[in-house]
Amino acid sequence: MQKFKTLLSLFFTYFKIGLFTFGGGYAMIALIEENVVNKKQWITKDELADIVTIAESTPGPIAVNCSTYVGYKIGGVLGSAIATLGCILPSFIIIYAISLVFDWFMGMTYVQYAFNGIKCAVGLIILRQGFKMFKSFKKTALSIICFIVALVGILLINFFAIDFSTVFFVLAGGIVGLFVYILDVVKNRRKEKAEARQALNLNTEADQIIEISDAEAINNAEVSDTATASQNKASNDEKNQKGGNTL
Amino acid sequence: MIYLELFLTFFQIGLFTFGGGASMIPIIQQEVVSNGWLTEEQLLQYIAISESTPGPIAINMATFIGSTQGGILGSVLATLGVVLPSFIIILLIAAIFTRFAQYAGVQTVLKTIRPVVVGMIIAAGAYLVVTAIGIQNYTSISFDLRSVIITAVLALIMILYKLIFKKQIPVIAFILVAASVGLVAYII
């Protein structure tokens, strides 16, 4: 019974989130925080931050990703299915209803006039979104090349009506990223190896220095032996002993 | 088999849209127009509706196109298709790869995917603007003067709003403004 109640609560919470977020994406995070973190306390604020990172790193709408994740945490696989369903159901119902009357609606002259204006706005909205996102990635030589190739590539494909799936750009970006990652790993490993080798070399050099100094000490001892044999006999014995010990 | 085609197309769209929201526009634009499901004009209308109704735009577009192509079953399958990839991936992450986003490899790969996605979005936005004023591809170029003027006016409104109010004009407000500008332009 308790479990049933939790699942019901999951469903309605995400139904509400799906119903009241316009424009999707980041507008949803504030609403998710209010309901899921503050009101229901299903997850902490830190966990939400983690979920946002995960949602950014995986395909799909951020609200759907979040509902699946929280649903799983609260109610397992069933919970995740119910939360996800709750999140997408409002859109589904509203859009389905609109789609039924859309042709009739578009048949009205004044609606057509209005949509002649709206169709000019759509591209501008998407462009604005693109420019906003342009500010959000780190500009390196590689990232700017990736950006330009995708931009010019898609423009050419569209203008010349070339049959080439845009999906390949995303895939290519992923492959380049993977390649960069592997290069990084190899470079780091090589660097580590070189450092290790250098450390080893230093050690053997230090050993050689010690050996040399020991040998000198013995030589000195021998020299002093012959020069002042009787006087320093005791200390010579000591030195030789030291040399012998270290050798 | 329209149902299978809808499901597979939107599954692919769901699988390759990183960064949410607008990032699905370039892919959806290509898939849907090349399949002959929508004309460029209809695509613009559908995006406008999807932007001004609640919920993620990807879900809205899937339901909308699914419904007009295959009725209720079509809309269910298209919506299911677009949701399923992220559902499966997130479930795997929540259950098994709990530290997924922290892996260095994941972040490096994303760092190169993100600029690609941004480039795609800007290209798609630019293309939608050009389509609206009458250029579709190199074979069909016909400037519609009224659309050119409307687009210029709307761009000016967008920029002025940003300069005056120091924040972006909300999407729904902007669409309402565009509708009024359209009405005025075509009634006169």
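Residues numbered from 1 in each chain as written. Chains lettered and ligands numbered in written order. Predicted model: local features only at pLDDT ≥ 70, side-chain atom pairs only at ≥ 80, totals over all residues. Heavy atoms only, no water.

Side note on the overall build of chain B
Line of reasoning, step 1. When helices and strands are tallied, chain B shows 7 helices and 2 strands.
Line of reasoning, step 2. Overall, chain B shows an N-to-C arrangement of helices and strands of α-α-α-α-α-β-β-α-α.
Line of reasoning, step 3. Each principal axis of the C-alpha distribution contributes one length, and for chain B these read about 60 × 45 × 35 Å.
Line of reasoning, step 4. In chain B, buried positions account for 57% of the 188 residues. (Helix = DSSP H or I, 4+ residues; strand = E, 2+ residues; numbered from the N terminus. Buried < 20%, exposed > 50% of the residue type's maximum accessible area, 1.4 Å probe, protein only.)

Notes on the interface of chain B and chain A
One widely used convention gives an interface's size as the accessible area the parts lose upon coming together.
Line of reasoning, step 1. At the junction of the two partners, chain B supplies 98 residues and chain A supplies 88 residues.
Line of reasoning, step 2. Of all residues in chain B, the largest losses of buried area upon contact with chain A belong to B:Pro54, B:Ile90 and B:Ile122, amounting jointly to 7% of the total for that side.
Line of reasoning, step 3. Summed over the shared surface of chain B and chain A, the result is 1 salt bridge.
Line of reasoning, step 4. Between A:Lys119 and B:Glu41 there is a salt bridge, with the nearest N and O atoms lying 3.7 Å from each other. (Contact = heavy atoms within 4.5 Å. Buried area = accessible area lost by both parts, 1.4 Å probe. Salt bridge = Lys/Arg side-chain N within 4 Å of Asp/Glu carboxyl O.)

Description of helix H4 (residues 62-106) of chain A
Line of reasoning, step 1. The end-to-end C-alpha separation of H4(A) is 31 Å, well short of the 66 Å expected for 45 residues at 1.5 Å each.
Line of reasoning, step 2. Residue A:Gly75 marks the point of greatest curvature in H4(A), where the axis turns by about 145°. (Expected span 1.5 Å × (residues − 1). Bend = angle between axes of the 7 residues up to and from the residue.)

Topic: the nonpolar core
Line of reasoning, step 1. Counting residues in each nonpolar core, the largest one holds 115 residues, and the members touching the most others are A:Tyr14, B:Phe10, B:Ile28, B:Ile47, B:Met61, B:Ile65 and B:Leu154.
Line of reasoning, step 2. With residues up to four places along the chain from it excluded, the contact list for A:Tyr14 reads A:Val36, A:Cys66, A:Ser67, A:Val70, A:Ala83, A:Gly86 and A:Cys87. (Core = buried A, V, L, I, M, F, W, Y, C linked by side-chain atoms within 4.5 Å.)

Let's talk about a positive patch on the surface
Residues and elements named next belong to chain A.
Line of reasoning, step 1. A contiguous patch of positive charge on the surface is contributed by Arg 189, Arg 190, Lys 193 and Arg 197.
Line of reasoning, step 2. Looking at where Arg 189 falls in the secondary structure, it is placed in helix H7 (residues 167-227).
Line of reasoning, step 3. In this structure Arg 189 comes out as exposed when scored by relative accessible area, which is 54%. (Patch = residues over 30% accessible without salt bridge, like charges linked within 9 Å, V, L, I, M, F, W, Y side chains within 5 Å. Areas by Shrake-Rupley, 256 points an atom, 1.4 Å probe, with all protein chains shown as cover. Lys, Arg positive; Asp, Glu negative; His and termini not counted. Charge placed at Lys NZ, Arg CZ, Asp CG, Glu CD.)

A few points about the packing of helix H1 (residues 2-20) of chain A against H4(A)
Residues and elements named next belong to chain A.
Line of reasoning, step 1. At a minimum axis separation of 7 Å, H1 and H4 run at an interaxial angle of 40°. Compared by their axis directions, H1 and H4 come out oblique. Once H1 is placed against H4, the crossing between them reads as right-handed.
Line of reasoning, step 2. Looking at the contact of H1 with H4, its residues break down into 17 nonpolar, 7 polar and 1 charged. (Axes fitted to C-alpha atoms, helices over the stretch in contact; angles between N-to-C directions. Parallel < 35°, antiparallel > 145°, perpendicular 65-115°, else oblique. Left-handed = near helix turned anticlockwise from the far one by under 90°. Nonpolar A, V, L, I, M, F, W, Y, C, P; charged D, E, K, R; others polar.)

With respect to the domain arrangement of chain B
Residues and elements named next belong to chain B.
Line of reasoning, step 1. When its domains are assigned, chain B resolves into domain 1 (2-142) and domain 2 (144-188).
Line of reasoning, step 2. Here domain 1 and domain 2 have C-alpha centroids that lie 25 Å from each other.
Line of reasoning, step 3. Taken together, the contact between domain 1 and domain 2 spans 7 residues of the former and 7 residues of the latter.
Line of reasoning, step 4. For the pair domain 1 and domain 2, the summed buried area comes to about 530 Å², and 69% of that belongs to carbon and sulfur atoms.
Line of reasoning, step 5. Ranking the residues of domain 1 by area buried against domain 2 places Glu 51, Ser 52 and Ile 133 at the top, with a combined share of 68%.
Line of reasoning, step 6. Those elements that provide at least two residues to the side of domain 1 that touches domain 2 are helix H3 (40-51) and helix H5 (104-132).
Line of reasoning, step 7. A per-class count over the side of domain 1 that touches domain 2 returns 4 nonpolar, 2 polar and 1 charged. (Domains from an automatic or database assignment.)

Quick word on the confidence of the model for chain A
Residue and element names in this part refer to chain A.
Line of reasoning, step 1. When pLDDT is averaged across chain A, the result is 82; 85% of the residues are at 70 or more.
Line of reasoning, step 2. Summarising per-element confidence for chain A, the mean pLDDT is lowest in helix H8 (residues 233-246) (49) and highest in H4 (91).
Line of reasoning, step 3. Low pLDDT (under 50) marks residues 242-247, which in the prediction has 3 contacts with non-local residues, meaning those over four places away or in another chain. (pLDDT = per-residue confidence, 0-100.)

So, the packing of aromatic side chains
Line of reasoning, step 1. By the definition in use, this model includes 17 aromatic pairs over all chains.
Line of reasoning, step 2. With centroids separated by 5.3 Å and ring planes inclined at 85°, the aromatic side chains of A:Phe11 and A:Phe12 adopt a geometry described as edge-to-face.
Line of reasoning, step 3. The class for A:Phe11 is buried, based on a relative accessible area of 17%.
Line of reasoning, step 4. Taken together, the aromatic side chains of A:Phe102, A:Phe115, B:Tyr46 and B:Phe64 make up a single cluster linked through ring pairs.
Line of reasoning, step 5. Note that A:Lys139 overlies the ring of A:Phe137, its terminal NZ or CZ placed 4.4 Å from the centroid. (Phe/Tyr/Trp six-rings, centres within 6.5 Å; stacked < 30°, edge-to-face > 60°. Lys NZ or Arg CZ within 6 Å of the ring centre and 35° of its normal.)

Section: the pattern of salt bridges
Residues and elements named next belong to chain A.
Line of reasoning, step 1. Here the structure, examined in full by the defined rule, presents 3 salt bridges over all chains.
Line of reasoning, step 2. Here Lys 73 ties to Glu 47 by a salt bridge, and the two come within 2.4 Å at their closest N and O atoms. Placement of the pair is Lys 73 in helix H4 and Glu 47 in helix H3 (residues 45-57), with a sequence separation of 26 residues.
Line of reasoning, step 3. Judged by relative accessible area, which is 40%, Lys 73 ranks as partly exposed.

Focus: the environment of A:Gly117
Line of reasoning, step 1. By the secondary structure assignment, A:Gly117 is in helix H5 (residues 109-134).
Line of reasoning, step 2. Setting aside its immediate chain neighbours within four residues, A:Gly117 contacts B:Ile150, B:Leu154, B:Ala178 and B:Gly182.

A few points about the environment of A:Phe92
Line of reasoning, step 1. Counting through the fold element by element, A:Phe92 comes out in helix H4.
Line of reasoning, step 2. Separated by 74 residues in the primary sequence, A:Phe92 and A:Gly18 have C-alpha atoms spaced 9.8 Å apart.
Line of reasoning, step 3. When neighbours within four sequence positions are excluded, A:Phe92 is seen to be in contact with B:Thr63, B:Ser75, B:Val76 and B:Thr79.

Brief notes about the packing of H3(A) against H5(B)
Line of reasoning, step 1. One can describe the packing of H3(A) onto H5(B) by two numbers: an axis separation of 10 Å at closest approach and a directional angle of 60°. With respect to their mutual orientation, H3(A) and H5(B) come out oblique. Every residue of H5(B) that contacts H3(A) at A:Thr53, A:Glu56 and A:Ser57 is listed here: B:Val106, B:Gln107, B:Leu110 and B:Arg114.
Line of reasoning, step 2. Considering only residue class, the contact of H3(A) with H5(B) consists of 2 nonpolar, 3 polar and 2 charged.

A closer look at unusual backbone geometry
Line of reasoning, step 1. Backbone geometry at A:Gln41 places phi at a positive 55°, although glycine is not the residue there.
Line of reasoning, step 2. Within the secondary structure layout, A:Gln41 lies in the loop between helix H2 (27-39) and H3.
Line of reasoning, step 3. Classification of A:Gln41 by relative accessible area gives exposed; the value is 62%.
Line of reasoning, step 4. Positive phi, normally seen in glycine, also occurs at B:Lys166, with a value near 60°.
Line of reasoning, step 5. Within the secondary structure, B:Lys166 sits in the loop between helix H6 (145-165) and helix H7 (171-187).
Line of reasoning, step 6. For B:Lys166, a relative accessible area of 68% gives the class exposed.

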